[in-house]
Amino acid sequence: LLNLPLDIKAKAARVAAERVRYPAGVAQADYLIGKSQLILSDADRALPQLRSAYQQAKTLDLMQLQAEVQISLATAQQMSGQYHAAFLLWLDALQSALRVNARECYVEAYLGLGDLHVQCGDLNKALHFLSLAVEWADLSIDQDLRCKARLHLAAVLVTLEQYPLAQRILMYAQTLLILPLRRDWQAEICNYLGMIHAAQHENELALASFNKALKINAEAGFLWGQSLNLLGLGRLKVSLQDSKGAEADLQQALY
């Protein structure tokens, strides 16, 4: 069972929970099935499963599970472009998490609110929520969550051109990486550092950072990450008047 996909394991767990008449186990399994569908970017399939899990959790008064399901429901609505519904669900998740002192859920809800405001183009509000996410994450023992919160915050700071602060946050996030599990985050950090160095005309450092990110993504087979790294390299080489190198990188990014 250990090597099976999450959705298959969750479905097997649901069957087992039903067999022994364990309703809390059924609710948890339904939540995991919906969450696995979200991971596969299938929000339409995930929503009915998650709504069912939420009703079960509410009936059984499983407060922690309610908060966890609300986070996934908000994520699903956000993925579907239902921003107002997502916003209300993020607020509900915050309240549920507060009632049971579920600190990790609190962080995830603030991250969700931050990302929602990024999508809506309100970067100052995004910065507010993501800063709160980092503050709460630092009260948690979850190293992975502390790293994740900083990555989200740094992304907004880079967009706002607050480069020195973004760089400090990214350098600290590197110390929190759980490797080799988070190679994609490692590559993401290197890519952001490349963007920061390029914006500050630190061309050699920018080249090194983009190439390091590209190497990590190529070794891990992360195609989307490779495209971003090649785009960064292409733009940098355009600024350096290396037209042949830029064309090669940008052509490769297309494929």
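An account of the accompanying structure is given in this report. (Residues numbered from 1 in each chain as written. Predicted model: local features only at pLDDT ≥ 70, side-chain atom pairs only at ≥ 80, totals over all residues. Heavy atoms only, no water.)

Helix and strand counts for the protein chain stand at 13 helices and 0 strands. Reading the protein chain from its N terminus to its C terminus gives the helix and strand order α-α-α-α-α-α-α-α-α-α-α-α-α. Referenced to the eigenvectors of the C-alpha coordinate spread, the extents of the protein chain come out at roughly 70 × 35 × 30 Å. Within the span of the protein chain, comprising 255 residues, buried residues form 45% of the whole. Within the protein chain, counting contacts between residues at least 6 apart in sequence, those at least 24 apart form 47% of the total. Taken as a whole, the protein chain presents about 13700 Å² of accessible surface, with 56% of it coming from carbon and sulfur. Taken as two groups, the 23 positive and 25 negative side-chain charges of the protein chain have centres that lie 5 Å from each other. (Helix = DSSP H or I, 4+ residues; strand = E, 2+ residues; numbered from the N terminus. Buried < 20%, exposed > 50% of the residue type's maximum accessible area, 1.4 Å probe, protein only. Contact = heavy atoms within 4.5 Å. Areas by Shrake-Rupley, 256 points an atom, 1.4 Å probe, with all protein chains shown as cover. Lys, Arg positive; Asp, Glu negative; His and termini not counted. Charge placed at Lys NZ, Arg CZ, Asp CG, Glu CD.)

Taking 1.5 Å per residue, 17 residues should reach 24 Å; helix α6 (residues 103-119) reaches 25 Å between its end C-alpha atoms and fits that length. Taken together, the buried residues of α6 touch α4 (63-79), α5 (83-99), α7 (123-137) and α8 (143-159). Once α6 finishes, Gly-121 follows within two positions and takes phi at roughly 80°, a positive value. (Expected span 1.5 Å × (residues − 1).)

A few words on the pattern of salt bridges. This structure, assessed with the given rule, holds 6 salt bridges. Close ionic contact of Glu-108 with Lys-148 constitutes a salt bridge, the shortest N to O distance being 3.0 Å. Here the residue Glu-108 occupies a position in helix α6, and Lys-148 occupies one in helix α8, the gap between them amounting to 40 residues. In this structure, Lys-237 and Asp-249 form a salt bridge, with 2.7 Å as the shortest nitrogen-oxygen distance. With Lys-237 in helix α12 (residues 223-239) and Asp-249 in helix α13 (residues 243-254), this residue pair connects regions lying 12 residues apart in the sequence. Asp-249 carries the same exposure label as Lys-237, and that label is buried. (Salt bridge = Lys/Arg side-chain N within 4 Å of Asp/Glu carboxyl O.)

Next up on the list: α7. Compared with an ideal rise of 1.5 Å per residue, which puts 15 residues at 21 Å, α7 spans 20 Å between its outermost C-alpha atoms and is within 8% of the ideal. Considered for burial, the residues of α7 that qualify are Ala-126, Leu-127, Phe-129, Leu-130, Leu-132, Ala-133, Val-134 and Ala-137. Its buried side turned inward, α7 meets α6 and α8.

This next bit is on unusual backbone geometry. The bulk of non-glycine residues show a negative phi, and the bulk of peptide bonds are trans. In this chain, Leu-179 is followed by Pro-180 through a cis amide linkage whose omega measures 5°. Mapping Pro-180 onto the fold places it in the loop between α9 (163-176) and α10 (183-199). Even without being glycine, His-201 reaches a positive phi, approximately 60°. Its location among the elements puts His-201 in the loop between α10 and α11 (203-220). For His-201, a relative accessible area of 66% puts it in the exposed group.

For the rest of this paragraph, the subject is the packing of aromatic side chains. Applying the stated criterion across every chain yields a total of 3 aromatic pairs. Ring centres of Tyr-106 and Tyr-110 lie 5.3 Å apart, and the angle between their planes is 85°; on these two criteria the pair is classed as edge-to-face. Remark: Tyr-110 and Tyr-106 occur in helix α6; sequence separation between them is 4 residues, near one turn of the helix. As far as burial versus exposure is concerned, Tyr-106 and Tyr-110 are alike and both buried. What links up through ring pairs into an aromatic cluster is the set Tyr-106, Tyr-110, Phe-129 and Trp-136. (Phe/Tyr/Trp six-rings, centres within 6.5 Å; stacked < 30°, edge-to-face > 60°.)

Here we take up the environment of Thr-159. Among the structural elements, Thr-159 can be located in helix α8. Sequence-wise, Thr-159 and Leu-223 are 64 residues apart; in three dimensions their C-alpha atoms are separated by 23 Å. Within the structure, Thr-159 has its side chain in polar contact with the backbone oxygen of Ala-155 (distance 3.1 Å). (Polar contact = N/O pair within 3.5 Å; in protein donor to acceptor, adjacent residues only side chain to side chain.)

Another aspect to go through is a nonpolar patch on the surface. On the surface, a cluster of nonpolar side chains totalling about 210 Å² of accessible area is made up of Leu-231, Val-238 and Leu-250. By the secondary structure assignment, Leu-231 is in helix α12. (Patch = residues over 30% accessible without salt bridge, like charges linked within 9 Å, V, L, I, M, F, W, Y side chains within 5 Å.)

Grouped together as the largest cluster of nonpolar side chains are 62 residues, with contacts concentrated most on Leu-50, Val-69, Trp-90, Tyr-110 and Leu-170. Take this core: its biggest share by element is 10 residues, from α8. If we ignore the near neighbours within four places in the chain, the residues touching Leu-170 are Leu-151, Ala-154, Ile-189, Tyr-192, Leu-193 and Ile-196. Within the second largest apolar cluster, 8 residues are counted, among which are Leu-214, Leu-230, Leu-233 and Leu-236. (Core = buried A, V, L, I, M, F, W, Y, C linked by side-chain atoms within 4.5 Å.)

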